[in-house]
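Observations on the model geometry
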Amino acid sequence: MLNSAKDQPTLISLEDVQKWYGAFHALKSISLSVRKGEKIVLCGPSGSGKSTLIRCINALETIEEGKIVVEGQVLDGSTKSVDAIRREVGMVFQSFNLFPHMTVLQNCTLAPMRVRGTSRTDAERLARKYLERVRILDQAEKYPAQLSGGQQQRVAIARALCMEPKVMLFDEPTSALDPEMVKEVLDTMIGLARDGMTMICVTHEMGFARQVADRVIFMASGEIVEEAEPEVFFKSPKHERTKTFLGEILAHH
Amino acid sequence: MGPIGENEFFFLMQGLKWTVLLAIVGFIGGGIFGILIALLRTSKKKVARTITAGYIGVFQGTPLLMQLFVVYYGVALLGVEVNAGIAVAIAFTLHASAFLGEIWRGSIEAVPKGQTEAANALGLHYVSRMKDVILPQALKISLPATIGFLVQLIKGTSLAAIVGFIELTRAGQIISNQTYRPLLVFGIVAAIYFIICWPLSHAGSGLEKRMAKAAR
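Okay, so let's go over this structure. Within any chain, residue numbers begin from 1 and follow the written order of that chain's sequence. To read the labels, note that chains go from A and ligands from 1, taken in the order they are written. The model is predicted, so local features are restricted to residues of pLDDT at least 70 and side-chain atom pairs to those at 80 or more, both for listing and for counting; the totals for chains, interfaces and linings are taken over all residues. The side-chain numbers reported here are obtained from all heavy atoms of the structure, hydrogens and water having been left aside.

Turning to the side chain of Asp171(A), a few remarks are in order. Residues and elements named next belong to chain A. Every helix listed is a DSSP run of H or I at least four residues long, and every strand listed is a run of E at least two residues long, numbered separately from the N terminus. Tracing the backbone shows Asp-171 in strand S7 (residues 167-171). Here's how the labels work: a residue is buried when its accessible area is under 20% of the maximum for its type, exposed when over 50%, partly exposed in between, all with a 1.4 Å probe on protein chains only. Note that His is not counted, nor are the chain ends; the positive residues are Lys and Arg, and the negative ones are Asp and Glu. A side-chain nitrogen of Lys or Arg and a carboxyl oxygen of Asp or Glu constitute a salt bridge if their distance falls within 4 Å. The charged side chain of Asp-171 is buried without a salt bridge, its nearest counter-charge being Arg-55 at 4.8 Å. For Asp-171, the side chain forms a polar contact with the side chain of Ser-51, separated by 2.6 Å. Only heavy atoms matter for contacts: two residues are in contact if any of them lie within 4.5 Å across the pair. Leaving out residues up to four positions away in the same chain, Asp-171 has contacts with Ser-51, Ile-54, Arg-55, Met-91, Val-92, Phe-93, Gln-94 and Val-202. We call two N or O atoms a polar contact when they sit within 3.5 Å, provided that within protein one can donate a hydrogen and the other can accept it, with sequence-adjacent residues counted only if both atoms are side-chain atoms.

Taken together, the side chains of Glu15(A), Asp16(A), Glu64(A) and Glu65(A) make up a negatively charged region of the molecular surface. On the basis of relative accessible area, Glu65(A) is assigned to the partly exposed category, the value being 44%. What goes into a patch is any residue over 30% in relative accessible area without a salt bridge, connected to like charges within 9 Å or, for nonpolar side chains (Val, Leu, Ile, Met, Phe, Trp, Tyr), within 5 Å. Note on areas: these come from Shrake-Rupley sampling with a 1.4 Å probe, and a residue is covered only by the protein chains present in the view. By convention, the charge on Lys lies at NZ, on Arg at CZ, on Asp at CG and on Glu at CD.

What follows deals with the pairing of strand S6 (residues 89-92) of chain A. All names here are of chain A. Burial along S6 is two-sided: Val-89 and Met-91 facing one way and Gly-90 and Val-92 facing the other are all buried. Any two strands with at least two DSSP bridges between them are considered paired. Where S6 meets S7, 4 bridges bridge the pair, whose relative direction is parallel. Its bridge partner lying in S7, Val-89 is registered against Val-167.

Below, the discussion takes up the side chain of Thr174(A). When you line up the elements, Thr174(A) lands in the loop between S7 and helix H6 (179-194). Apart from the residues lying within four places of it in its own chain, the contact partners of Thr174(A) are Val182(A), Val185(A), Leu186(A), Thr203(A) and Glu205(A).

On to unusual backbone geometry, then. Residues and elements named next belong to chain A. A positive phi angle, near 45 degrees, is found at Ser-29, a position not held by glycine. Here Ser-29 shows up in strand S2 (residues 24-35). You will see that Glu-71, though not glycine, has its phi angle at about 50 degrees, which is positive. Considering the arrangement of structural elements, one finds Glu-71 in the loop between strand S4 (65-70) and strand S5 (73-74). What makes Glu-71 partly exposed here is its relative accessible area of 40%.

A word on the pattern of salt bridges. A side chain of one charge can pair with a side chain of the opposite charge when the charged atoms of the two come close. Under the defined criterion, the tally for this structure stands at 20 salt bridges over all chains. For Glu61(A), the salt bridge is made with Arg55(A), and the minimal N-O distance between the two is 3.1 Å. Like Glu61(A), the residue Arg55(A) is buried in the burial classification. Between Arg114(A) and Asp132(B) there is a salt bridge whose closest N-O contact spans 2.6 Å.

In this section: the interface of chain B and chain A. Between chain B and chain A, the residue contacts involve 17 residues of the former and 21 residues of the latter. For any pair of parts, buried area is found by adding up, for both, the accessible area (1.4 Å probe) each one loses once the two are put together. Of the roughly 1,500 Å² buried between chain B and chain A on both sides combined, carbon and sulfur atoms contribute 61%. Among the residues of chain B in contact with chain A, Glu117(B), Ala121(B) and Leu122(B) are the three that bury the most area, contributing 36% of the side total. The interface formed by chain B and chain A holds 2 salt bridges in total. Viewed at the interface, chain A and chain B are joined by 7 residue pairs in polar contact (both at pLDDT 80 or more). For the side of chain B that touches chain A, the secondary structure elements donating two or more residues are helix H5 (113-121) and helix H6 (126-156) of chain B. When residues in the side of chain B that touches chain A are grouped by element, the largest group, 7 residues, is from H5(B). Taken together, the residues of the side of chain B that touches chain A sort by class into 7 nonpolar, 7 polar and 3 charged. Residues are grouped as follows: nonpolar covers Ala, Val, Leu, Ile, Met, Phe, Trp, Tyr, Cys and Pro; charged covers Asp, Glu, Lys and Arg; every other residue, Gly included, is treated as polar.

As a further point, take the sheet that holds S7(A). Residue and element names in this part refer to chain A. The 6 strands are arranged S6-S7-S8-S3-S9-S10 in an open sheet whose pairing can be described as mixed. Lying at the two open borders of the sheet, with one neighbouring strand each, are S6 and strand S10 (223-228). With direction set aside, neighbouring strand axes in the sheet form an average angle of 20 degrees. In the sheet, strand S3 (residues 39-43) pairs with strand S8 (residues 198-202) via 4 bridges, with the strands oriented parallel. Of the residues in S8, the one forming a bridge with Lys-39 is Met-199. For helices, the fitted line uses only the C-alpha atoms of the stretch in contact; every axis is such a line through C-alpha atoms, and the angle between N-to-C directions lies from 0 to 180 degrees. Where helix H1 (residues 50-57) meets the sheet, its contacts fall on S3, S6, S7, S8 and strand S9 (215-220), and the angle it forms with S7 comes to roughly 150 degrees.

Laid out in structure tokens, this is it:
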């Protein structure tokens, strides 16, 4: 734990969230609350619903039942609530999803200019600040295809930060990377965590979880199975499924 | 048999001018409406999708010549006095909008879904998402097919000769009737079409190969 988030107000709360894909029950009555400054690592086997869960928070997926509140804004499916929430929530994807026809700088300035109405000068200043922070400012005029995977993911982080979000969601940000590039992205995320960003990370990087997380949440079959501080989570997992999962994942490290 | 001299050649060039103009008007007009069709065809609204699917179906399922006739005589039926040029321009615009709309629908759908998701996650609205993110990528994907259609459109303008619009083919007919040398005249006319269309086709397939290579 880097800093105590215990006394901070709640930023995100999910109450009894249910989601189906047709007959498949993807999220089963998920309740979760995240305080300002908290760093949460979500892990679990593939298909357990962890990505779906964070994608519901910024309305990339709709939910069938339950309630999601971000910064006091209830996500009710209206355009207004979706807009309000997306302004506060940044997201980083497994496959980066940078805009390939735009330079790194343009990738970063688009949303501030279009969504917040920031002038080009100010948007570029903002973009340079965050590109500097992810240590990639020297590539600002290049196109995404000219960068390595690790560099692209760092640009994607900077792009999200340019909207100055209150929360960052990470959806397996290092899973598509070659092993030698994982560290540069994790270091960037650790830096972000140190600066007090509220983060929810879907990742299997257990080293990262140990170092940064306030809580580790283990999901399986659409349910939250176990949730604990990293020390407790790794040393003495309670549930059998958590033990099996940890056994499998730590065997590779 | 009469000679084919400077005057005849000049007349053909006048015809060529109208062929090119008609193709340009059809392509630009069809392009503007075609984007609209493509956007409606990919919208979330089922009504919009169904109507545009019907529109595209009608134009893809009937011969261009029939479309020309229907517009040519249909406009007259409305009691509006228009010359052949305007009628064929309208017909070609409608025709091109349906085909380009369908080509671009496919290209919009070929842009990876992650692009829309990233744009959504950043809070971009529909207009910006389309204009800044999706359409530039879709148009690039569509370029070979779009150029291919342009070539079809240029050749298709020859059908306008049938409703009396004096473009290149009609000009050729007139010269041929005056000189009684149809083979020579239509040979020249064909060569002119070829000189315009072949480089375009070539550029289109070159582009396609380059893009296929880049995608590998």
